[in-house]
Amino acid sequence: MRIPIDIPKSKTLKTLVFHKNGFDKVSEYLTEFITLFALLLLPATFILKEYQNHKSIILPITTFMVTIFIISGIIYSIFNTSKLRILTGKSIDKNKSDVEKISELKKWKVIDEGRDYKTLLVADKWSGFHSGKFLTIIFQNNELLFNSYCTDVFGAISPYHWFGNRKVEKEFVSQIGLLKNVP
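Caption draft 1: Up close: the overall build of the chain. When helices and strands are counted, the chain shows 5 helices and 6 strands. Its helices and strands in sequence order give the chain the pattern α-α-α-β-α-β-β-β-β-β-α, from N to C terminus. At 20 Å, the chain has a C-alpha radius of gyration far larger than the 16 Å of a compact globule built from 183 residues. When the backbone C-alpha atoms are referred to their principal axes, the chain occupies close to 70 × 35 × 30 Å. Burial statistics for the chain: of 183 residues in total, 40% are counted as buried. A separation threshold of at least 6 residues defines the contact pool for the chain, and within that pool the share at least 24 residues apart is 55%.

Shown next as structure tokens:
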């Protein structure tokens, strides 16, 4: 199940805005909070146990520092998962034509299409643990606003595939670059 996107609001805010009900928002925030809390609780418990047993706490503190680094990456991903990247193209018609060519070339399936946007299902064999990887392209004047995101099995946007999503976006940008030189 995919969550529909509010295209006009997304254009204004330069971020993908999804039509979510209150239950979806609460469950998404709760899942992220529990994940971050669990990641923080495990090494903190390890430090406390080692301290109470009067053992060396160098390894637990190192583990805690690595965990803080991982948590900061997850928080960064949560805040930046839906940001739209902007690419200057030619005209709206040429941009739509280029996106159509890329989707045919890469065998990405168009699953949702409107007057000023397209959502593609990206077929990737190199990643897993998600129920779908999508690339949404919004056409605005001569610009392409785009973002790649993954959904979990319940349809919620997953911030844990940040690197894979950026790989899809880089691939899209390189294909657009190749087509810019073609009349």
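Caption draft 2: Spotlight on unusual backbone geometry. With a phi close to 55°, His54 is a non-glycine residue in the positive phi region. Locating His54 in the fold gives a position in the loop between α2 (22-52) and α3 (58-80). A positive phi angle, close to 60°, is found at Lys107, a residue other than glycine.

Caption draft 3: Summary view of the environment of Pro4. Structurally, Pro4 can be placed in the segment before α1 (7-13). In sequence terms Pro4 and Thr15 are 11 residues apart; their C-alpha atoms lie 14 Å from each other. Those residues in contact with Pro4, other than ones at most four positions away along the chain, are Val17, Phe18 and His19.

Caption draft 4: Expanded view of the pairing of strand β5 (residues 143-151). By the criterion of burial, β5 is predominantly enclosed, with 8 of the 9 residues buried. Relative to β5, strand β1 (residues 85-88) runs antiparallel, the two being bridged by 4 bridges. Within β5, the position partnered with Arg85 by the bridge is Phe146. Relative to β5, strand β4 (residues 132-140) runs antiparallel, the two being bridged by 9 bridges. Each bridged residue has a counterpart across the sheet, and for Phe134 the counterpart in β5 is Tyr149. In this antiparallel pair of consecutive strands, β4 and β5, the connection spans 2 residues, and Asn141 shows a positive phi of 50°. Looking at chain direction, β5 and strand β6 (residues 157-158) are connected through 2 bridges and run antiparallel. Counted as the bridge partner of Cys150 is Ser158 from β6.

The rules behind these values
- Residues numbered from 1 in each chain as written.
- Predicted model: local features only at pLDDT ≥ 70, side-chain atom pairs only at ≥ 80, totals over all residues.
- Heavy atoms only, no water.
- Helix = DSSP H or I, 4+ residues; strand = E, 2+ residues; numbered from the N terminus.
- Rg over C-alpha atoms; globule rule 2.2 N^0.38 Å.
- Buried < 20%, exposed > 50% of the residue type's maximum accessible area, 1.4 Å probe, protein only.
- Contact = heavy atoms within 4.5 Å.
- Pairing = 2+ DSSP bridges.

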